[in-house]
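Coordinate inspection notes
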Amino acid sequence: MTGLPPDLPLSGITVVSLEQAVAAPFATRQLADLGARVIKVERPGEGDFARRYDTTVHGESSYFVWLNRSKESITLDLKTPQGREVLERLLSEADVFVQNLAPGAAARLGLAPEALAERFPSLIAAGLSGYGTSGPWADRKAYDLLVQCQTGLVSLTGNEHGAARAGVSVADIAAGMYLYTGILTALFTRATTGVARAVEVSLFEALAEWMHQPAYYTRFGGTQPPRIGTRHATIAPYGAFTAADGKDVLFSVQNEREWVALCERFLEEPELAADPRFATGSDRVAHREELDALVAERFTRLDSGTAMKLLDEAGVANAGVNDMAEFLAHPVLDARERWREVGIPGGARVPALLPPADLSGTTPRMDPVPAVGEHTERILAELGYEPSDIADMRADHVV
């Protein structure tokens, strides 16, 4: 198979992925960022259904553009013998196989880790499921919000008026990150021991890991953390307050030094630092309503810029509560030159953020987002298929 620029850490690694939606594509895109060749196997005609989640990016899905740059797309009908034969040829030359098919589908296609290990001993099989491949919910479908509900996250988000889902796909992102790091670990293990180990991640267990702190709080505290919007169950003052110009500013006091400084420099009431109601962190939480009222009143006498300046002078971390337009124009992203351009189907170019992990001396790969089946002919030719074979497969709707 064709190579990629040799200066990237995963150059020479080939990944074949039967992926869809968010979690698995997020994992493989990060492998592609580091130079891995990621061959995305899609359904003929329609492709990954995430392509149709929306049409906001010059007619393309915002999800798909985010998750699929620097990949190659081949279409295969895996319900046909020819389609499965092509996949076998791909896997024979691959280092990693990734799939997040519906429960049981991988096994029915002969793609379970045990079966793959017999045919391809050096292949790392990485699977992503909803609730794991064993246990009582192994056959249950899952998606992000279902998992937010099952892990209890939704019981913590929102405010006193009701629950709310997290505004981004946190279960998918968590699972994708753990799948990515699991694959990197498996590649390292293979390189150092010669053994290819399978990787399994579930959406539920990935987000469950993130729920440890509220789980401990509930198990040993006797009650779960309350749903309190931008406030915090165990820290006060903590939250967003509205300044005189209508802009919300969020801050929190993390320790006693910051509390004293807040009283002196921001609230301009140094005597509050020793007030018995607020003397310790637990006292401040117990008297949260009184304390928040004092802080809120101070904010009504300050515009947001002045409030943030005073908080900075007090050494208290703070931030404006940005909307998406403000995020897009964030000075940190501009000053640190985090935006690059990538191509999308149709020829347009759109801004994309660099991967967050900077490796010294390495420039991440930021190649175009593929159209459905864009690389089918080239990949088939690399696998040894003649033009007439490829034409026959087209005619038979195998690709």
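In short, a report on the structure. Predicted model, so just to flag it, every value in this text is computed and none were measured.

Okay, the overall build of the protein chain next. Tallying secondary structure elements over the protein chain gives 17 helices and 11 strands in all. In terms of overall dimensions, the protein chain has a C-alpha envelope of 85 × 45 × 40 Å along the principal axes. Across the 399 residues that make up the protein chain, the buried fraction comes to 44%. Surface summary for the protein chain: the accessible area is close to 19,600 Å², and the carbon and sulfur share equals 55%. Across the protein chain, the mean location of the 37 positive side-chain charges is 2 Å away from that of the 54 negative side-chain charges.

Ranked by size, the top nonpolar core spans 35 residues in total, and within it Val 15, Val 96, Val 98, Leu 179 and Ile 183 carry the most contacts. If you list the elements that add at least two residues to this core, you get α1 (23-33), β4 (96-99), β5 (124-129), α7 (170-193), β6 (199-202) and α8 (203-210). Considering every element that reaches this core, the biggest residue donor is α7, with nine residues. With sequence-adjacent residues up to four places away left out, Ile 183 is seen in contact with Leu 31, Val 96, Val 98, Ala 126 and Val 199. Core analysis: the next-biggest nonpolar cluster, separate from the first, contains 27 residues, Val 16, Leu 18, Met 393 and Val 399 among them.

What follows concerns the packing of aromatic side chains. In the structure shown here, the tally under the stated rule is 12 aromatic pairs. Aromatic side chains Tyr 131 and Phe 204 sit 5.6 Å apart centroid to centroid with 45 degrees between the ring planes, which places their arrangement in the tilted category. One end of the pair, Tyr 131, is in the loop between β5 and α6 (144-150); the other, Phe 204, is in helix α8, and 73 residues separate them in sequence. Owing to a relative accessible area of 9%, Tyr 131 belongs among the buried residues under this scheme.

So, about the environment of Ala 233. By secondary structure assignment, the location of Ala 233 is in the loop between α9 (212-221) and β7 (238-242). Residues Ala 233 and Leu 156 lie 77 residues apart in sequence; the distance between their C-alpha atoms is 9.9 Å. Once residues within four sequence positions are removed from consideration, Ala 233 is found in contact with Tyr 217, Pro 225, Pro 226, Ile 228, Val 285 and Arg 288.

In this section: the sheet that holds β6. Pairing is parallel across the open sheet formed by six strands, whose spatial order is β3-β2-β1-β4-β5-β6. Strands at the two margins of the open sheet, each flanked by one partner only, are β3 (71-75) and β6. Across this sheet, the average inter-strand angle for adjacent strands is 20 degrees, counted without regard to direction. Across the sheet, helix α3 (residues 81-92) is in contact with β1 (14-18), β2 (37-42), β3 and β4; its angle to β1 comes to roughly 145 degrees. Contacting β5 and β6, α8 crosses the sheet at an angle of about 70 degrees to β6.

A few words now on the sheet that holds strand β9 (residues 318-320). Within the open sheet, the three strands sit side by side as β7-β8-β9. Their pairing is antiparallel. Strands at the two margins of the open sheet, each flanked by one partner only, are β7 and β9. Pairwise comparison of adjacent strand axes, ignoring direction, gives a mean angle of 20 degrees for this sheet. Sheet analysis places strand β8 (residues 248-252) next to β9, joined by three bridges and oriented antiparallel. Across the sheet, the residue bridging to Val 249 is Gly 320, located in β9. Contacting β7 and β8, helix α12 (residues 288-299) crosses the sheet at an angle of about 35 degrees to β7.

Cut-off values and rules
- Residues numbered from 1 in each chain as written.
- Predicted model: local features only at pLDDT ≥ 70, side-chain atom pairs only at ≥ 80, totals over all residues.
- Heavy atoms only, no water.
- Helix = DSSP H or I, 4+ residues; strand = E, 2+ residues; numbered from the N terminus.
- Buried < 20%, exposed > 50% of the residue type's maximum accessible area, 1.4 Å probe, protein only.
- Areas by Shrake-Rupley, 256 points an atom, 1.4 Å probe, with all protein chains shown as cover.
- Lys, Arg positive; Asp, Glu negative; His and termini not counted.
- Charge placed at Lys NZ, Arg CZ, Asp CG, Glu CD.
- Core = buried A, V, L, I, M, F, W, Y, C linked by side-chain atoms within 4.5 Å.
- Contact = heavy atoms within 4.5 Å.
- Phe/Tyr/Trp six-rings, centres within 6.5 Å; stacked < 30°, edge-to-face > 60°.
- Pairing = 2+ DSSP bridges.
- Axes fitted to C-alpha atoms, helices over the stretch in contact; angles between N-to-C directions.

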